[in-house]
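Read off the chains here:
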Amino acid sequence: ARGAAAAGGMAAAAEGKAGNGHAEGPSAAAAEERGGGGGLRGCRGFLRRNALVLLTVSGVVAGVALGAAVRRASLGPAQVAYLAFPGELLLRMLRMVILPLVVCSLVSGAASLDTRSLGRLGGIALAYFLGTTLLASGLAVALGFIIRPGAGASALNDPRLGLSGDVPTSKETVDSFLDLIRNLFPANLVAAAFRTYATEYKMLLRNTTSGNVTWEKIPVGTEIEGMNILGLVLFALVLGVALKKLGQEGEDLIRFFNSFNEATMVLVSWIMWYVPIGIMFLVGSKIVEMEDIVLLVTSLGKYIFASILGHFIHGGIILPLIYFAATRQNPYRFLLGLITPFATAFATCSSSATLPSMIKCIEENNGVDKRISRFILPIGATVNMDGAAIFQCMAAVFIAQLNNVDLNPGQIFTILVTATASSVGAAGIPAGGVLTIAIILEAIGLPTNDLSLILAVDWIVDRTTTVVNVEGDALGAGILNYLNEKERKEKEQELKEVNVEAVANSKSEEETSPLVTHKDQVSNTTSTADPESKESVL
């Protein structure tokens, strides 16, 4: 009987193994199917996470193709304006949110930081902005002397270049810096949202005692169209610090600005989905508007090449090296999360219009603290203009070489200082840097008539200029975020060490401290009391 039972058990075991063998086949197939489905789901997840980036890059490519295709149709100015209409809508929407975004983000950012952190971060940011701008200016002057873009320029008077006769009115260097200081303190905050102070000149006829007639240039203050972003930035910073000083009384207003800021960011996230369409038509219409691009490149090719090479070296090598030296992290991984704002900067040529998408992407993709990004990026969009400094210094060297003027060390130093200082007040709008070139040319005594050459190629160089501008702002925010996180971790470590030392000291002082003896005596008398009374004694 025992033998029969054993035989039956072995048979059952054999059947079980066979059954398991049959069951393993379908489970393996199901696992394979799940693996394939997982890969498909991973691909879908990647596309969903990076949909905006892919659509934005596709919009740039489609815009180039659209412009090349429509260019053959020889459209008139009216048709070109209709083609650019969707892109114009994008610019108007981005400019619409600049004012609430800058004011609310700076007020909430300044109010969320304590005075010590605000001063420390502000000092580091100022040193970073001035240092990188000086490096950019020096790089541009060095490349200008190496490549000599003005030495080989030819056919510059060809009418097919489409050179504009409208050259910006040159201002005295002193008046330019005085205007910068005046704009820091606007007389009317409401007017500062759409008007800027600027000095113009009026010629007065004067008779001298000797009978000679002379013309005298008198500076006259006027208001021109354009947002006074410098004055708004300073006011928002000071208001945030004041609200922080108020304490409990200022909490309601701080919460208002925080809510306003978050609502503005929701609007920005909606606008971002229209960016690919707007970029496509912006790029396409600009290609259609071009005159004879082959002649333009052959005539001013060395200047275009030198400027773009300077932007590539500064934005692709120098700025990432500074970020790596400060954080010991991969800068290109950080920049990879900012492709959408870079494409927006390339298409719009406006660092102010790129600000909304930059704040959104640097917080969501790179994990930068909101207090840092919303405090530094609006200031950087106004003050930090590395790309503009390269563009302006290269233009000054180019015009000097064009007029066969050998720059002496004093003039080179003047170019560096003036470009660094004037880039602070450069308007974050398309062709905003051309106005500051006139200041540099006046400072070194060069004619401003050749600025029309710069205007002819500004639409090409201005794109890489804006990309480098916003890249410098983003990397500065990343460096400040790293330093702030590092300081916070050090403080937490110090607190832990203090707590450990306090516990050790309380144990070592049990025999000598009268307080501990008193505690023991009281605890003996109140041993029957509730735990809360023991805690109060401790």
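Criteria and cut-off values
- Residues numbered from 1 in each chain as written.
- Predicted model: local features only at pLDDT ≥ 70, side-chain atom pairs only at ≥ 80, totals over all residues.
- Heavy atoms only, no water.
- UniProt positions renumbered as here; feature names shortened; annotations may be inferred.
- Phe/Tyr/Trp six-rings, centres within 6.5 Å; stacked < 30°, edge-to-face > 60°.
- Helix = DSSP H or I, 4+ residues; strand = E, 2+ residues; numbered from the N terminus.
- Lys NZ or Arg CZ within 6 Å of the ring centre and 35° of its normal.
- Core = buried A, V, L, I, M, F, W, Y, C linked by side-chain atoms within 4.5 Å.
- Buried < 20%, exposed > 50% of the residue type's maximum accessible area, 1.4 Å probe, protein only.
- Contact = heavy atoms within 4.5 Å.
- 1 Å grid on protein atoms, 1.4 Å probe; cavity = no way out; pocket = protein on both sides within 12 Å on 5 of 7 lines; lining within 4 Å.
- Points joined across faces, edges and corners; volume = space filled by probe spheres on them.
- Nonpolar A, V, L, I, M, F, W, Y, C, P; charged D, E, K, R; others polar.
- pLDDT = per-residue confidence, 0-100.
- Expected span 1.5 Å × (residues − 1).
- Patch = residues over 30% accessible without salt bridge, like charges linked within 9 Å, V, L, I, M, F, W, Y side chains within 5 Å.
- Areas by Shrake-Rupley, 256 points an atom, 1.4 Å probe, with all protein chains shown as cover.
- Salt bridge = Lys/Arg side-chain N within 4 Å of Asp/Glu carboxyl O.
- Lys, Arg positive; Asp, Glu negative; His and termini not counted.
- Charge placed at Lys NZ, Arg CZ, Asp CG, Glu CD.

An unreviewed UniProt entry lists the protein chain under the name Amino acid transporter, with Glareola pratincola given as the organism. Per UniProt, the protein chain has the following entry under Sequence similarities (unreviewed entry): "Belongs to the dicarboxylate/amino acid:cation symporter (DAACS) (TC 2.A.23) family."

> Please explain the packing of aromatic side chains as it appears in this structure.
We describe a pair of aromatic rings using the distance from one ring centre to the other and the angle between the two ring planes. Counted under the stated rule, the structure contains five aromatic pairs. Ring geometry for Phe256 against Phe257: centres 5.3 Å apart, planes inclined by 70 degrees, an arrangement best described as edge-to-face. Between Tyr323 and Phe334, the aromatic rings sit 5.2 Å apart at their centres with planes inclined by 35 degrees, giving tilted as the arrangement. Placement of the pair is Tyr323 in helix α12 (residues 293-327) and Phe334 in helix α13 (residues 331-336), with a sequence separation of 11 residues. The side chain of Arg328 reaches across the aromatic face of Phe324, ending 5.7 Å from its centre. Stacked on the ring of Phe346, the Lys or Arg Arg463 has its end atom at 5.9 Å from the ring centre.

> For this particular structure, what's the right way to read the nonpolar core?
Soluble globular proteins tend to bury their nonpolar side chains together. Core analysis: the largest hydrophobic core is formed by 49 residues, its most contacted members being Leu106, Phe334, Leu338, Ile362, Phe375, Ile376 and Ile379. Broken down by element, this core gets its largest block of residues, nine residues, from helix α5 (residues 98-112). Leaving out residues up to four positions away in the same chain, Leu106 has contacts with Val233, Ala236, Leu237, Arg374, Phe375, Pro378 and Ile379. Ranked by size, the runner-up nonpolar core spans 37 residues in total, among them Leu300, Met394, Ala400 and Leu416.

> For this particular structure, what's the right way to read the side chain of Thr464?
Along the polypeptide, Thr464 turns up in helix α20 (residues 451-508). Leaving out residues up to four positions away in the same chain, Thr464 has contacts with Ile308 and His311.

> I would appreciate a short explanation of the environment of Met227 in the present structure.
Considering the arrangement of structural elements, one finds Met227 in the loop between β2 (213-225) and α9 (229-246). Met227 has contacts with Ile98, Leu99, Ala192, Ala193, Phe194, Thr196 and Leu232, leaving out every residue within four places of it along the chain.

> Mind showing me how you'd approach unusual backbone geometry here?
In terms of backbone geometry, most residues other than glycine have negative phi values and most peptide bonds are trans. For Arg328, which is not glycine, the phi torsion reads 60 degrees and is therefore positive. Tracing the backbone through its elements, the reader meets Arg328 in the loop between α12 and α13. Taking relative accessible area as the criterion, Arg328 reaches 61% and is therefore assigned exposed. The phi torsion at Cys349 lies on the positive side, around 55 degrees, for a residue other than glycine. Looking at Cys349, the relative accessible area reads 8%, which means it is buried.

> Would you mind showing me how to read empty space enclosed by the protein here?
Space left empty within the atom packing is revealed by a probe, the size of a water molecule, rolled over the atoms. Evaluation of the coordinates by the stated rule reveals three cavities of 30 Å³ or more. There is about 50 Å³ of room inside the second largest cavity. Ser351, Thr354, Leu355, Met358, Leu377, Ala381, Val470 and Asp473 are the residues that line the second largest cavity. Of all the secondary-structure elements, those providing two or more residues to the lining of the second largest cavity are α15 (351-364), α16 (370-383) and α20. Here the lining of the second largest cavity is built from residues that sort into five nonpolar, two polar and one charged.

> In this structure, what is going on with the confidence of the model for the protein chain? I would like to understand it.
Where the model shows low pLDDT, its predicted coordinates should not be examined in detail. Here the protein chain averages 79 in pLDDT, and 77% of its residues register 70 or above. Looking over the protein chain, one finds the lowest element-wise mean pLDDT in helix α21 (residues 514-525), namely 46, and the highest in α13, namely 93. With pLDDT under 50 throughout, residues 157-167 is counted as low confidence; its partners more than four residues away or in other chains account for 21 contacts. The model gives residues 508-529 a pLDDT under 50, and that stretch makes seven contacts with residues more than four places away or in other chains.

> Even after reading the chapter, I still don't get α5, so can you show me in this structure?
Along an α-helix, a turn takes 3.6 residues, which lines up residues three or four apart on a common side. In a regular helix each residue adds 1.5 Å, so 15 residues correspond to 21 Å; α5 covers 21 Å between its end C-alpha atoms and thus fits that length. Among the 15 residues that make up α5, 13 are buried, leaving the element largely enclosed by the rest of the structure.

> Looking at this structure, I do not really get a positive patch on the surface. What am I missing?
Among the surface-exposed residues, Arg41, Arg44, Arg48 and Arg49 lie close enough to one another that they form a single positively charged patch. Residue class for Arg41 comes out exposed when judged on its relative accessible area of 57%.

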